[in-house]
There are 2 protein chains.
Amino acid sequence: MRVGELSNRSGVPVATIKFYVREGLLPPGDRTGPNQSDYGEPHLHRLRLVRALIDVGGLPVATVRAILAQVDAPEATLHLQLGKVQYALTAPRPATDDELAEVDAFLTRRDWTVRPSSPARSALAEVLGVMRTLGQDDLPVVVDRYADAVRPLAEAEVAALAARETVDAAVEGVVIGTVLGDRLLSALRRLAEEDVSTRLLNGGTPVVR
Amino acid sequence: MRVGELSNRSGVPVATIKFYVREGLLPPGDRTGPNQSDYGEPHLHRLRLVRALIDVGGLPVATVRAILAQVDAPEATLHLQLGKVQYALTAPRPATDDELAEVDAFLTRRDWTVRPSSPARSALAEVLGVMRTLGQDDLPVVVDRYADAVRPLAEAEVAALAARETVDAAVEGVVIGTVLGDRLLSALRRLAEEDVSTRLLNGGTPVVR
């Protein structure tokens, strides 16, 4: 298809598509003339993925480029490939040795196998440290409750990825599941909280605004 | 305490504390001399909250100021007060009428009472729309699974907030729980995924890097 059709089908302006090609987020189309290129379904697919990362994930172009480079570079096993992409999607955070030790104790207690280089390990360490500073004294209870909540999600997600027909489709699933999954959890938790607050604190009466 | 002690106890540099006072994120101390002010425990408390919002929440100063203004303005009921602060912490997102209708159908099906003005409603609508565009065809199953995961968290959170001794403490709990809770879920889901992937795809052998 021509760039105009790619634009129509994706809802992304032609100038933006050309920008993505220049920035290496989208492979160039096949040249069919001096000012004309031909794009295929894989371009449309990739373009939608780029938009999800930028618009919903709020990721800068340089980060998206780095993630897509990981997506496109094969690894020896599916486990390694999925892990590499998930790591690329997770920003490591500053954490002290004490905070990291608390995470490791938590992982040991839950019997979760996680590499020391996992950026999520430092992200959890930072959150635990801040919660302690803020005097949240029921912290271990809260963390276990959250861990119980995400465990079945993780099991369903990895099983669904492993069942996909191609490695590319599984890798794309990690990108989508990681970025959109965070947003989904965030929105749903707030909606559930409002419902619970309405029932528990407001006698079931919704407040109309 | 003097500003130097406030700095030592919070780990926030004096210049940054003075910046927060100028920007209205922290109330000024009591003037005790031409170049000297006295700060109390509430200042330390507020300062830690500001740091959590900026450092961990990644929120800009203007957003933090707007949130704190909501925190400090009382409402008629605890339900309204908690809701107002939670809304201030949630960025509304662009969504089409079709996407919002899908959210409303979901809320009706789950029997969750949520105001139409909830920013989380538009945030969920956007995620559902993007998932559809990306061809995730098992969407309703995924959303219900996520909703099942967050529901017990919301119930525990609202009950814990309602049990706090003062409205101020409950409101602070919403701020912390909303911002840090998102980070906690995000990090724990990734850690759980790595463990599940190690067991399911890598025969239980951790990959050492």
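Residues numbered from 1 in each chain as written. Chains lettered and ligands numbered in written order. Predicted model: local features only at pLDDT ≥ 70, side-chain atom pairs only at ≥ 80, totals over all residues. Heavy atoms only, no water.

Q: If you had to explain the overall build of chain A to someone new, which residues and values would you point to?
A: Scanning chain A from N- to C-terminus turns up nine helices and two strands. The secondary structure elements of chain A, listed N-terminal to C-terminal, are α-α-β-β-α-α-α-α-α-α-α. The C-alpha atoms of chain A give 21 Å as radius of gyration, which overshoots the globular expectation for 209 residues (17 Å, by more than 25%). Dimensions of chain A along its principal axes, counting C-alpha atoms only, are 65 × 50 × 35 Å. Counting all 209 residues of chain A, 51% fall into the buried class. Excluding contacts between residues fewer than 6 apart, the proportion of contacts in chain A whose partners are at least 24 apart in sequence is 58%. Summed over its atoms, the accessible surface of chain A is roughly 9500 Å², and 54% of this surface lies on carbon and sulfur atoms. (Helix = DSSP H or I, 4+ residues; strand = E, 2+ residues; numbered from the N terminus. Rg over C-alpha atoms; globule rule 2.2 N^0.38 Å. Buried < 20%, exposed > 50% of the residue type's maximum accessible area, 1.4 Å probe, protein only. Contact = heavy atoms within 4.5 Å. Areas by Shrake-Rupley, 256 points an atom, 1.4 Å probe, with all protein chains shown as cover.)

Q: Outline the interface of chain A and chain B, listing residues and values.
A: Across the contact, 82 residues belong to chain A and 82 residues belong to chain B. When the two sides are added together, the surface that chain A and chain B hide from each other amounts to roughly 8000 Å², 67% of it contributed by carbon and sulfur. When the buried surface of chain A facing chain B is broken down by residue, A:His79, A:Arg190 and A:Leu191 rank first, second and third, together holding 9% of it. Applying the counting rule to chain A against chain B returns 12 salt bridges. Of the charged contacts in the structure, one is a salt bridge between A:Asp182 and B:Arg190, with a shortest N-O distance of 3.1 Å. Along the contact surface separating chain A from chain B lie 34 residue pairs in polar contact (both at pLDDT 80 or more). Elements supplying a minimum of two residues to the side of chain A that touches chain B: helix H3 (41-56), helix H5 (78-88), helix H6 (97-110), helix H7 (119-133), helix H8 (139-162) and helix H9 (167-201) of chain A. Of the residues forming the side of chain A that touches chain B, the biggest block, 25 residues, is contributed by H9(A). A class-by-class count of the residues in the side of chain A that touches chain B yields 45 nonpolar, 15 polar and 22 charged. (Buried area = accessible area lost by both parts, 1.4 Å probe. Salt bridge = Lys/Arg side-chain N within 4 Å of Asp/Glu carboxyl O. Polar contact = N/O pair within 3.5 Å; in protein donor to acceptor, adjacent residues only side chain to side chain. Nonpolar A, V, L, I, M, F, W, Y, C, P; charged D, E, K, R; others polar.)

Q: I'd love a proper account of the relation of the copies chain A and chain B, names of residues and values included.
A: You can overlay chain A on chain B at an RMSD of 0.0 Å; the transform is a turn of 180 degrees with a shift of 0.0 Å along its axis. Classification of the inter-copy transformation places it as that of a two-fold axis. Of every C-alpha in chain A, the one belonging to A:Ala149 sits nearest the axis of rotation, 2.4 Å from it. When the interface residues of chain A are mapped onto chain B, 100% of them are again interface residues, pointing to one common binding face. (Least-squares fit on C-alpha atoms with pLDDT ≥ 70 in both.)

Q: Provide a residue-level description of the nonpolar core, including the pertinent values.
A: Formed by 129 residues in total, the largest nonpolar core has its most connected members in A:Leu184, A:Leu188, B:Leu184 and B:Leu188. Contacts of A:Leu188, omitting those with residues within four sequence positions, involve B:Phe106, B:Trp112, B:Leu124, B:Val143, B:Tyr146, B:Ala147 and B:Val150. (Core = buried A, V, L, I, M, F, W, Y, C linked by side-chain atoms within 4.5 Å.)

Q: I'd love a proper account of the environment of A:Glu157, names of residues and values included.
A: Inspection of the secondary structure assignment puts A:Glu157 in helix H8. Taking the C-alpha atoms as reference, A:Glu157 lies 31 Å from A:Arg132; in sequence the two are 25 residues apart. Excluding residues that lie within four positions of it along the chain, A:Glu157 makes contacts with B:Tyr146, B:Arg189 and B:Glu193.

Q: Please give an account of the pairing of strand S1 (residues 30-33) of chain A that cites residues and values.
A: Strand residues, when the strand is regular, have side chains that alternate between the two faces of the sheet. Two strands pair when backbone bridges link them, and S1(A) and strand S2 (residues 36-38) of chain A are joined in this way by three bridges, in the antiparallel orientation. For A:Arg31, the partnering residue across the bridge sits in S2(A) and is A:Ser37. (Pairing = 2+ DSSP bridges.)

Q: So what's going on with the packing of helix H3 (residues 41-56) of chain B against helix H9 (residues 167-201) of chain B? Residues and values would help.
A: All names here are of chain B. Contact geometry for H3 and H9: axes closest at 10 Å, N-to-C directions at 30 degrees. With respect to H9, the element H3 is oriented roughly parallel. Crossing angle aside, the handedness with which H3 passes H9 is left-handed. Contacts between H3 and H9 involve His45, Leu49, Ala52, Leu53 and Val56 from the first element and Glu172, Val175, Ile176, Val179, Leu180 and Arg183 from the second. Here the contact of H3 with H9 is built from residues that sort into eight nonpolar, one polar and two charged. (Axes fitted to C-alpha atoms, helices over the stretch in contact; angles between N-to-C directions. Parallel < 35°, antiparallel > 145°, perpendicular 65-115°, else oblique. Left-handed = near helix turned anticlockwise from the far one by under 90°.)

Q: Pulling in residues and values, what's your account of the pattern of salt bridges?
A: As enumerated under the stated definition, the model contains 40 salt bridges over all chains in all. A:Asp104 is the partner of A:Arg121 in a salt bridge, and the nearest nitrogen-oxygen pair spans 2.8 Å. Note that A:Arg121 is positioned in helix H7 and A:Asp104 in helix H6, a separation of 17 residues in sequence. Using a relative accessible area of 13% as the deciding quantity, one classes A:Arg121 as buried. Ionic pairing is found between B:Arg109 and B:Asp144, a salt bridge with its closest N-O pair at 2.6 Å. Separated by 35 residues along the polypeptide, B:Arg109 in helix H6 (residues 97-110) and B:Asp144 in helix H8 (residues 139-162) bring together distant segments of the chain. What makes B:Arg109 exposed here is its relative accessible area of 51%.

Q: Lay out the confidence of the model for chain A in plain terms, naming residues and giving numbers.
A: All names here are of chain A. Looking at chain A, pLDDT values average 90 and 97% of them are 70 or higher. The weakest mean pLDDT in chain A belongs to H3 at 90; the strongest belongs to H6 at 96. Prediction confidence for the complex, expressed as pTM and ipTM, is 0.89 and 0.90 respectively. (pLDDT = per-residue confidence, 0-100.)

Q: Can you break down the environment of B:Leu128 residue by residue, with the values?
A: The residue B:Leu128 is located in helix H7 (residues 119-133) in this model. Non-local contacts of B:Leu128, meaning those with residues more than four positions away in its chain, are made with A:Leu184, B:Glu102, B:Val103, B:Leu139 and B:Val143.

Q: Describe the side chain of A:Arg151, and please don't skip the residues or the numbers.
A: Positionally, A:Arg151 belongs in helix H8. Engagement of the side chain of A:Arg151 in a polar contact is seen with the side chain of A:Glu155, the distance being 3.0 Å. When sequence neighbours within four positions are dropped, the list of residues in contact with A:Arg151 reads A:Trp112, B:Ala192, B:Asp195, B:Val196 and B:Arg199.

Q: So, the packing of aromatic side chains: which residues are in play, and what are the values?
A: Residues and elements named next belong to chain B. Tallied over the entire structure, the rule returns four aromatic pairs over all chains. Centroid distance Phe19 to Tyr20: 6.0 Å. Interplanar angle 50 degrees. Geometry classified as tilted. Classification of Phe19 by relative accessible area gives partly exposed; the value is 30%. Considering the side-chain rings of Phe106 and Trp112, the 5.6 Å spacing of their centres and the 80 degrees angle between planes classify their relative orientation as edge-to-face. Relative accessible area serves as the criterion here: at 3%, Phe106 is assigned to the buried category. You can call Trp112 buried: its relative accessible area is 6%. (Phe/Tyr/Trp six-rings, centres within 6.5 Å; stacked < 30°, edge-to-face > 60°.)

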